[in-house]
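Chain by chain, the residues run as shown.
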Amino acid sequence: MIDKLEFFIAVAREQSFSRAADVCGVTQPTLSAGIKQLEDTLGVLLVNRSSRFHGLTPEGERVLEWAKRIVGDSRAMRQEVRALKSGLTGLMRIAVIPTALSMVAALTTPFRAKHPGVRFSVVSATSQEILQGISNLEIDAGITYLDNEPLGTVRSLPLYIEQYRLLTSAGSPFADHKSVTWADVGRIPLCLLTPDMQNRRIVDQLLASSGNRPEPTLESNSVIALYAHVKTGQWSSIMAEKLVETLSVAEPIRSIPIIEPQAVHQIGLVVPRREPMTPLTATLFAEAKKLIAPQL
């Protein structure tokens, strides 16, 4: 039954029988037969289909929620049994918004020092992808904004406050300023993250509130690409303070606090809302509590 529920979750997520079969590591006929057996067991049609996937039935949508819960609990049970037998092992999958990637090492390094049998997968993702990944059982935890857009049904832990700085070159009109306003920033050519990133939506709101229409001359989903353009001396960007600290900005790049209005947002850890938590998630959550910034 668990395997069939895994097949069903994969089909709902991939919206394709062939892609779901690849993800599950089985042939398409095996996957289709498994879902048909699940439908026969439950006595309802779960998937609208002919030769292709055409969405879930209303019954399928409801069963999907139960399937995620059952499969999640099954994985947690197996993980806990393994931990009791041989200590904490396995893969911890973490998705992180780009502006918070610089702080992940402060979480994963002490974790692995105590539990060397654990491996980590850390990927960059948008805030929406993180919540979706948790819902679809694709990741174990995420680091994202906690206070700007709805989080849904997750457990959260605040870690630090994100503040913003202007990254610009020595030749910029504001290079010698000790601080700048959001109105100032809106008057120079900017390279920013892409609109699917919550950081970009925050920056757009702040620029708009100061009377500027956000019109970046370059967009990227990579903070490294943005920083490389700033280094040319022809661009400026807006970056999170903690990220700027990790980049070790030096001359001729200038890092200038942005004030008026003073803008801050809360960054934190999110994990599935499940009791009990899996051993890996519970250990990560406990480790994250040690990182909480003093102002929180």
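Preceding this section is the structure that the text describes.
Residues numbered from 1 in each chain as written. Predicted model: local features only at pLDDT ≥ 70, side-chain atom pairs only at ≥ 80, totals over all residues. Heavy atoms only, no water.

1. Topic: the nonpolar core
Stage number 1. Ranked by size, the top nonpolar core spans 52 residues in total, and within it I143, L166, W182, I238 and L269 carry the most contacts.
Stage number 2. The residues touching I143, leaving out its near neighbours within four places in the chain, are A95, V96, I97, A100, M103, V104, L107, I130, I267, G268 and L269. (Core = buried A, V, L, I, M, F, W, Y, C linked by side-chain atoms within 4.5 Å. Buried < 20%, exposed > 50% of the residue type's maximum accessible area, 1.4 Å probe, protein only. Contact = heavy atoms within 4.5 Å.)

2. A look at helix α4 (residues 58-86)
For an α-helix, 3.6 residues make a turn, and residues three or four places apart therefore share a direction.
Stage number 1. For α4, spanning 29 residues, the distance from its first C-alpha to its last is 42 Å, which sits close to the expected 42 Å at 1.5 Å a residue.
Stage number 2. Buried within α4 we find G60, V63, L64, A67, K68, V71, G72, S74, A76 and Q79.
Stage number 3. Buried residues belonging to α4 abut α1 (2-14), α3 (28-42), β2 (53-56), α6 (127-135) and α11 (279-289).
Stage number 4. Following α4 by one or two positions, G87 adopts a phi angle in the positive range, close to 85°. (Helix = DSSP H or I, 4+ residues; strand = E, 2+ residues; numbered from the N terminus. Expected span 1.5 Å × (residues − 1).)

3. Overview of the sheet that holds strand β4 (residues 118-124)
Stage number 1. One open sheet accounts for five strands, arranged β4-β3-β5-β13-β6; its pairing is mixed. At either margin of the open sheet sits one strand with a lone partner, and together these are β4 and β6 (154-162). Strand-to-strand twist in this sheet, taken as the mean axis angle between neighbours without regard to direction, amounts to 20°.
Stage number 2. Where β6 meets strand β13 (residues 265-272), eight bridges bridge the pair, whose relative direction is antiparallel. Within β13, the position partnered with R155 by the bridge is V271.
Stage number 3. Across the sheet, helix α5 (residues 105-114) lies against β3 (90-96), β4 and β5 (141-145), angled at about 170° from β4, the strand it touches most. (Pairing = 2+ DSSP bridges. Axes fitted to C-alpha atoms, helices over the stretch in contact; angles between N-to-C directions.)

4. Observations concerning the environment of V23
Stage number 1. Tracing the sequence through the fold places V23 in helix α2 (residues 17-24).
Stage number 2. C-alpha of V23 to C-alpha of G43: the two residues are 20 residues apart in sequence and 26 Å apart in space.
Stage number 3. Not counting residues within four places of it along the chain, the set of residues in contact with V23 comprises R13 and E14.

5. Quick notes on the packing of aromatic side chains
Stage number 1. Applying the stated criterion across every chain yields a total of three aromatic pairs.
Stage number 2. Summarising the aromatic geometry, the rings of F17 and F53 are spaced 6.4 Å apart at their centres and angled 65° between planes, so their arrangement reads as edge-to-face. Of this pair, F17 sits in helix α2 while F53 sits in strand β2; the two residues are 36 residues apart in sequence, bridging distant segments of the chain. Each member of the pair F17 and F53 is classed as buried.
Stage number 3. Between F111 and F120, the aromatic rings sit 5.2 Å apart at their centres with planes inclined by 80°, giving edge-to-face as the arrangement.
Stage number 4. Taking relative accessible area as the criterion, F111 reaches 0% and is therefore assigned buried.
Stage number 5. The side chain of R69 reaches across the aromatic face of W66, ending 4.4 Å from its centre.
Stage number 6. Residue placement shows R155 over the ring face of F285; its charged tip is 5.9 Å from the ring centre. (Phe/Tyr/Trp six-rings, centres within 6.5 Å; stacked < 30°, edge-to-face > 60°. Lys NZ or Arg CZ within 6 Å of the ring centre and 35° of its normal.)

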